[in-house]
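# Descriptive structure summary
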Amino acid sequence: PEPECFWVGSPGGVFRLDKGAVVIIPPGSVPDGSCLQGDVFAHPGPDSAGTYPLTFAIDIHLTEGPNGAELTWFSPPLEICMPVTDAIINKADGEGNLRLSWRESMDDSKPWTFLSTLVKKVDGHGEMACSSLSHLTVFTIVEAGIQALPATGFAPGVVTDLDLDWRAVVQIGRASCR
């Protein structure tokens, strides 16, 4: 189904999208009759750099009317906020490690780009990770600096059969101890 269209005018405002994502539009950033929409994607996998999202991703669009041209640049900038919970903060080892991040699409071969992020209370919406920016795209929350292991075939909780001749390994070990 088509995501709900929130009508936005030049006075701006605070708009709550699906899953609690919030877009704060300052006065004068968008023309009257603009349509704000957000498509939600459940927990995406890691990107090409191995960065795992800690929550859902949302693709945010602003158009001139429901079927109009995409608005791509905003001045003054918009503020994008996504809800954070104690569980998300704990996964990141503290709110200082949370980063709102963006990329151009849900293509997992593309890396997430970290944004300068402030965790704060947004009136009527609770604790949120927020960033100001002048364009809209796909957003999620990630843990700064945490990357997946390289693609070696090993994974947590999985037994990987190495098909080794253990006698050769023991021989190498004995030789190195002499």
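Since this is a predicted model, take the numbers as computed values, not measurements.

Here we come to the state of the cysteines. Under the definition given, this model contains two disulfides. In the chain, the bonded cysteines, numbered by position in the sequence, are linked as 1-2, 3-4.

Before going further, it helps to examine the pairing of strand β5 (residues 57-64). A regular strand places its side chains so that they alternate between the two faces of the sheet. The element β5 is extensively covered by neighbouring structure, given that six of its eight residues are classed as buried. Here strand β4 (residues 34-41) runs beside β5; their pairing, made up of eight bridges, is antiparallel. Within β5, the position partnered with Asp39 by the bridge is Asp59. Pairing of β5 with strand β11 (residues 138-143) involves two bridges; the strand directions are antiparallel. Looking at the pairing, Asp59 lines up with Val138 of β11.

On to the sheet that holds strand β1 (residues 6-8). One open sheet holds the six strands; their spatial order is β1-β4-β5-β11-β7-β8, and the pairing between them is antiparallel. Lying at the two open borders of the sheet, with one neighbouring strand each, are β1 and β8 (113-114). As paired strands, strand β7 (residues 98-103) and β11 are joined by six bridges and run antiparallel to one another. Pairing of Ser101 across the sheet is with Thr140, part of β11.

Within the fold, Leu17 resides in the loop between β2 (13-16) and β3 (22-25). Judged by relative accessible area, Leu17 falls into the buried class, the value being 5%. Residues Leu17 and Glu4 lie 13 residues apart in sequence; the distance between their C-alpha atoms is 8.3 Å. Among residues more than four places away in sequence, those in contact with Leu17 are Phe6, Val23, Leu36, Gly38, Ile58 and Ile60.

Note that His135 resides in the loop between β10 (126-133) and β11. For the pair formed by His135 and Thr72, sequence separation is 63 residues and the distance between their alpha carbons is 5.6 Å. Ignoring anything within four residues of it in the chain, the contact list for His135 reads Thr72, Phe74 and Trp102.

With that settled, consider the side chain of Ser131. With respect to the helices and strands, the residue Ser131 is situated in strand β10. At 2.6 Å, the side chain of Ser131 forms a polar contact with the backbone oxygen of Ser116. When sequence neighbours within four positions are dropped, the list of residues in contact with Ser131 reads Leu78, Glu79, Ile80, Leu100, Leu115, Ser116 and Thr117.

How each quantity is defined
Residues numbered from 1 in each chain as written. Predicted model: local features only at pLDDT ≥ 70, side-chain atom pairs only at ≥ 80, totals over all residues. Heavy atoms only, no water. Disulfide = S-S within 2.5 Å. Buried < 20%, exposed > 50% of the residue type's maximum accessible area, 1.4 Å probe, protein only. Helix = DSSP H or I, 4+ residues; strand = E, 2+ residues; numbered from the N terminus. Pairing = 2+ DSSP bridges. Contact = heavy atoms within 4.5 Å. Polar contact = N/O pair within 3.5 Å; in protein donor to acceptor, adjacent residues only side chain to side chain.

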